[in-house]
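Now for the letters of each chain:
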Amino acid sequence: MAIHRIQINDFDSTDYELIAIHSNLEDYRLAYFINQLLDIQLQKNNKAIEVKMKDGKSAFQHFMFDDEIQDICWHLVENRSVLNTKQHESSLFDTLDTTVHLVPEFKKADYVFKIDNTDSFFDSDFVLKQLSQNKFITLAYTINQDKLKSKNNLIF
């Protein structure tokens, strides 16, 4: 009898684009400007993206637009979150705030813009050009998914 093994790499697909965004804007204002630039409708998702860390859980705010016509899902996620950890179990007020990143390889990026269900016809250069037109976005560039160690954080 033959044994069939399923490799995890069989399910690993890169049908998404990642763009790092550097901006000092609040997340809701950035989503507003991106909506105007790209003619999409990002809305705040009630469920934050939770990532388990060794010290606890961290939550990242998340804006999303599911374009059913073009079958593309747009996600704007903050890259930084504050994780509260207790130093001593005896005191309620002895907490240590540590900054956690969704994509730790790009710690300087303020936001990660994930575009799901892209195909070979998707023009990420057009998206980058549109984003760079906003005066509040300091820098926007694509992230190579193949070099990321934290790919599991981007499954949402």
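Procedures and definitions
- Residues numbered from 1 in each chain as written.
- Predicted model: local features only at pLDDT ≥ 70, side-chain atom pairs only at ≥ 80, totals over all residues.
- Heavy atoms only, no water.
- Phe/Tyr/Trp six-rings, centres within 6.5 Å; stacked < 30°, edge-to-face > 60°.
- Helix = DSSP H or I, 4+ residues; strand = E, 2+ residues; numbered from the N terminus.
- Lys NZ or Arg CZ within 6 Å of the ring centre and 35° of its normal.
- Buried < 20%, exposed > 50% of the residue type's maximum accessible area, 1.4 Å probe, protein only.
- Salt bridge = Lys/Arg side-chain N within 4 Å of Asp/Glu carboxyl O.
- Pairing = 2+ DSSP bridges.
- Contact = heavy atoms within 4.5 Å.
- Axes fitted to C-alpha atoms, helices over the stretch in contact; angles between N-to-C directions.
- Core = buried A, V, L, I, M, F, W, Y, C linked by side-chain atoms within 4.5 Å.
- Arc of directions from axis to C-beta.

(A) Geometry of the packing of aromatic side chains. Under the counting rule described, the total for this entry stands at five aromatic pairs. On the basis of an interplanar angle of 25 degrees and a centroid distance of 5.2 Å, the ring pair of F33 and F136 is categorised as stacked. One end of the pair, F33, is in helix α1 (residues 27-38); the other, F136, is in the loop between α2 (124-132) and β10 (137-142), and 103 residues separate them in sequence. One aromatic cluster is present, built from ring pairs that chain together Y32, F33 and F136. Sitting above the plane of the F136 ring, R29 keeps its charged end 5.7 Å from the centroid. The ring of Y16 has K114 sitting right over it, with the charged end atom 5.1 Å from the ring centre.

(B) Structural detail: the environment of F106. With respect to the element layout, F106 can be found in the loop between β8 (95-101) and β9 (111-116). Given a relative accessible area of 24%, F106 falls into the partly exposed group.

(C) Structural context of the pattern of salt bridges. Counted according to the given criterion, the structure contains three salt bridges. One salt bridge in this structure joins R80 and D110, with 2.5 Å as the shortest N-O distance. One end of the pair, R80, is in strand β7 (residues 80-86); the other, D110, is in the loop between β8 and β9, with 30 residues separating them in the sequence. A relative accessible area of 16% places D110 in the buried class.

(D) Molecular detail of the sheet that holds strand β1 (residues 16-23). Strand order in this open sheet of six strands is β2-β5-β6-β9-β1-β10, and the pairing throughout is antiparallel. Each edge of the sheet is formed by a strand with only one pairing partner; in this case those strands are β2 (43-44) and β10. Against the sheet, α1 touches β1, β5 (62-67), β6 (72-78), β9 and β10, its axis set at about 150 degrees to β6. Packed onto the sheet, α2 meets β1, β6, β9 and β10 and runs at close to 170 degrees relative to β10.

(E) Expanded view of unusual backbone geometry. Unlike most non-glycine residues, D39 shows phi in positive territory, near 55 degrees. Within the fold, D39 resides in the loop between α1 and β2. Unlike most non-glycine residues, D71 shows phi in positive territory, near 55 degrees. Relative to the elements of secondary structure, D71 occurs in the loop between β5 and β6.

(F) Looking closely at the nonpolar core. Grouped together as the largest cluster of nonpolar side chains are 25 residues, with contacts concentrated most on I21, I34, L42, W74, L76 and F113. Broken down by secondary-structure element, the contributors of at least two residues to this core are β1, α1, β5, β6, β9, α2 and β10. For this core, the element with the most residues is α1, which contributes six residues. Membership of the second largest hydrophobic core comes to 16 residues, among which are Y16, L102, V103 and L154.

(G) Just α2, in detail. By the burial criterion, the buried members of α2 are S124, V127, L128, Q130 and L131. Projected down its long axis, α2 shows its buried positions confined to an angular sector of 160 degrees, all on one face. The exposed residues of α2 that point more than 90 degrees off its buried face are D125, K129 and S132. Of the surrounding secondary structure, the elements contacted by the buried residues of α2 are β1, α1, β6, β9 and β10.

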